[in-house]
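Examining the three-dimensional arrangement
So the chains spell out like this:
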Amino acid sequence: AGTWKSERVIASRQGPHLRLAGGGAGILNFCANNYLGLSSHPEVIRAGVETLEQFGAGLSSVRFICGTQSIHKDLEEKIARFHQREDAILYASCFDANAGIFEALLTPEDAVLSDELNHASIIDGIRLCKANKYRYKHMDMQDLEAKLQEAQKHRLRLVATDGAFSMDGDIAPLWEICQLAEKYEALVFIDECHATGFLGPNGRGTDELLGVMDKVTIINSTLGKALGGAAGGYTTGPKPLVDLLRQRSRPYLFSNSLPPAVVGCAAKALDLLMESNAIAQSMAAKTQRFRSKMTAAGFTISGQDHPICPVMLGDARLASVMADDMLSRGIYVIGFSYPVVPKGKARIRVQISAVHSDEDIDRCVEAFTEVGRKHGALP
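Nothing here was measured: the structure is a model prediction, and the numbers come from that model.

**Observations regarding the overall build of the protein chain**
When helices and strands are tallied, the protein chain shows 15 helices and 13 strands. The C-alpha atoms of the protein chain give 21 Å as radius of gyration, which agrees with the globular expectation for 379 residues (21 Å, within 12%). In terms of overall dimensions, the protein chain has C-alpha extents of about 55 × 55 × 40 Å along its principal axes. Expressed as a percentage of its 379 residues, the buried residues of the protein chain come to 55%. Put simply, 70% of the contacts in the protein chain that link residues at least 6 apart link residues at least 24 apart. For the protein chain, the accessible area works out to roughly 16100 Å², and carbon and sulfur atoms hold 51% of it.

See the structure below:
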């Protein structure tokens, strides 16, 4: 069916230019979550090395036994300050953060209302809890309101949504969601993995971008994309919630603490963002350049104004073959098909980084145009 997934092997550090195992050099990388280019930033790397030397390779323990160091507490304080929240709690990944929050927070008396295209980790986290489950149509506020009305019989209502949706590059209508949540006395949870660091005037995410920082109750996000690119996730929000998660969240209680080198890299990435918004602001023009040139070439690009730029192709085999042909032209992209995206919605997901040059972007568009014509995706 053309849906078998193979892993390409990289023989260099992550960045806009890669070397592949087997000799492929000078490859332009357009499919990483390295939005700000910080995974190979010299100051981020130096901070990781220094923290590794000072605090060791790892704690060999979970946090509540003997796995908490001063650097973990400092990073949690920094995350909370960055998001302008009361407290934060670290996890091994945001997948773990999403697996840990719903079960700890919600009981059979409560309700969770989830966008139908939420990330798999949100879906899995919701499956683990015993709350009453409602799924509303993607970004459909009429459907969400109907589900909120239906859920009024429950004790607590939590609306859960991605801030920016990773497969489609679209942004949740948080202003409208927060208005409905206020009307029906619900809490709002957002997953900000594809927003933290580069959306909003200071890169604080979709709640800053849409002016609802004071209305979103809970944020889950990652350190493994824009904030250094290594690993780790977190929940940030009200201190009583974070206190509860430290007591009851299973992925937190039963997973080793984050390795010191990862903590050091993420802390430096946050320092760079809080010192200046120049890195976060550099994304908009480059994103617009790619989207406008691809649209002019005749491609359909999903989403709007987000560096995730899905080139919609429909057919799984076409997406896979085109991605292989792009690599032969020195452009590293990957075809996405079922079950990662719905059947009939196959695509090549292009991701723009702050460290791509205008020349890099233009070369990518030229390669897409050649390959698209070759395979009949363009007239």
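Read on, since the account is not over.
**Side note on the packing of aromatic side chains**
All told, the structure shown has 4 aromatic pairs when counted by the stated rule. Between Tyr 91 and Tyr 252, the ring centres sit 6.1 Å apart and the planes meet at 70°, which makes this aromatic pair edge-to-face. You can see Tyr 91 sitting in strand β3 (residues 87–91) and its partner Tyr 252 sitting in helix α10 (residues 250–253), a full 161 residues away along the chain. For Tyr 91, a relative accessible area of 3% corresponds to the buried category. Tyr 252 sits in the buried class, given a relative accessible area of 7%. Between the NZ or CZ atom of Arg 8 and the centre of the ring of Tyr 332, over which it lies, the distance is 5.0 Å.

**Things to note about the sheet that holds strand β9 (residues 233–237)**
The 7 strands lie next to each other as β3-β9-β8-β7-β6-β4-β5, forming an open sheet whose pairing is mixed. The sheet is open, and its two borders are formed by β3 and β5 (132–136), each paired with just one other strand. When the angles between neighbouring strand axes are averaged without regard to direction, this sheet yields 20°. Two elements, strand β4 (residues 111–115) and strand β6 (residues 157–162), share 4 bridges in a ladder whose sense is parallel. Residue pairing in the sheet places Ser 114 in a bridge with Ala 160 of β6. Along the sheet, helix α3 (residues 70–83) contacts β3, β8 (218–222) and β9; its crossing angle with β3, the most-contacted strand, is approximately 125°. Sheet strands in contact with helix α6 (residues 141–150) are β4, β5 and β6, and its direction is about 160° off that of β5.

**Topic: the UniProt feature "domain: Aminotransferase class I/classII large" (unreviewed entry) in the protein chain**
As recorded in UniProt, the feature "domain: Aminotransferase class I/classII large" (unreviewed entry) lies at residues 27–368. With 44% helix and 16% strand, residues 27–368 has its two end C-alpha atoms placed 15 Å apart.

**Brief notes about the sheet that holds strand β10 (residues 308–314)**
Spatial ordering of the open sheet is given by β10-β13-β12, a layout of 3 strands whose pairing is antiparallel. Edge positions in the sheet fall to β10 and β12 (335–336), since each of these pairs with one other strand and no more. Strand direction decides the pairing type here: β10 and strand β13 (residues 346–351), joined by 6 bridges, are antiparallel. Considered in β13, the bridge of Cys 309 is made with Val 350. Strands β10, β12 and β13 of the sheet are contacted by helix α14 (residues 316–328), whose axis makes an angle of about 40° with β13.

**A closer look at empty space enclosed by the protein**
In the structure shown here, the tally under the stated rule is 2 cavities of 30 Å³ or more. Looking at the lining of the largest cavity, the elements with two or more residues in it are β3 and α10. In terms of residue class, the lining of the largest cavity is made up of 6 nonpolar, 4 polar and 1 charged. Approximately 60 Å³ is the volume attributed to the second largest cavity.

**Examining the layout of surface pockets**
Space inside the largest pocket adds up to approximately 680 Å³. Lining the largest pocket we find 27 residues, and of these Glu 116, Leu 117, Asn 118, His 119 and Ile 123 sit closest to its centre. Contributing elements (two or more residues each) for the lining of the largest pocket: β4, α5 (120–128) and β5. Looking at which element gives the most residues to the lining of the largest pocket, the answer is α5, with 5 residues. Broken down by class, the residue content of the lining of the largest pocket amounts to 13 nonpolar, 4 polar and 10 charged. Of the domains in this structure, domain 1 (17–30 + 277–375) and domain 2 (42–275) are the two that each give at least three residues to the lining of the largest pocket. Forming the boundary of the second largest pocket are 16 residues, of which Trp 4, Lys 5, Ser 6, Ile 334 and Gly 335 lie nearest the centre. Secondary-structure elements contributing two or more residues to the lining of the second largest pocket are α14 and β12. Looking at the lining of the second largest pocket element by element, the count peaks at 4 residues for α14.

Conventions adopted
Residues numbered from 1 in each chain as written. Predicted model: local features only at pLDDT ≥ 70, side-chain atom pairs only at ≥ 80, totals over all residues. Heavy atoms only, no water. Helix = DSSP H or I, 4+ residues; strand = E, 2+ residues; numbered from the N terminus. Rg over C-alpha atoms; globule rule 2.2 N^0.38 Å. Buried < 20%, exposed > 50% of the residue type's maximum accessible area, 1.4 Å probe, protein only. Contact = heavy atoms within 4.5 Å. Areas by Shrake-Rupley, 256 points an atom, 1.4 Å probe, with all protein chains shown as cover. Phe/Tyr/Trp six-rings, centres within 6.5 Å; stacked < 30°, edge-to-face > 60°. Lys NZ or Arg CZ within 6 Å of the ring centre and 35° of its normal. Pairing = 2+ DSSP bridges. Axes fitted to C-alpha atoms, helices over the stretch in contact; angles between N-to-C directions. UniProt positions renumbered as here; feature names shortened; annotations may be inferred. 1 Å grid on protein atoms, 1.4 Å probe; cavity = no way out; pocket = protein on both sides within 12 Å on 5 of 7 lines; lining within 4 Å. Points joined across faces, edges and corners; volume = space filled by probe spheres on them. Nonpolar A, V, L, I, M, F, W, Y, C, P; charged D, E, K, R; others polar. Domains from an automatic or database assignment.

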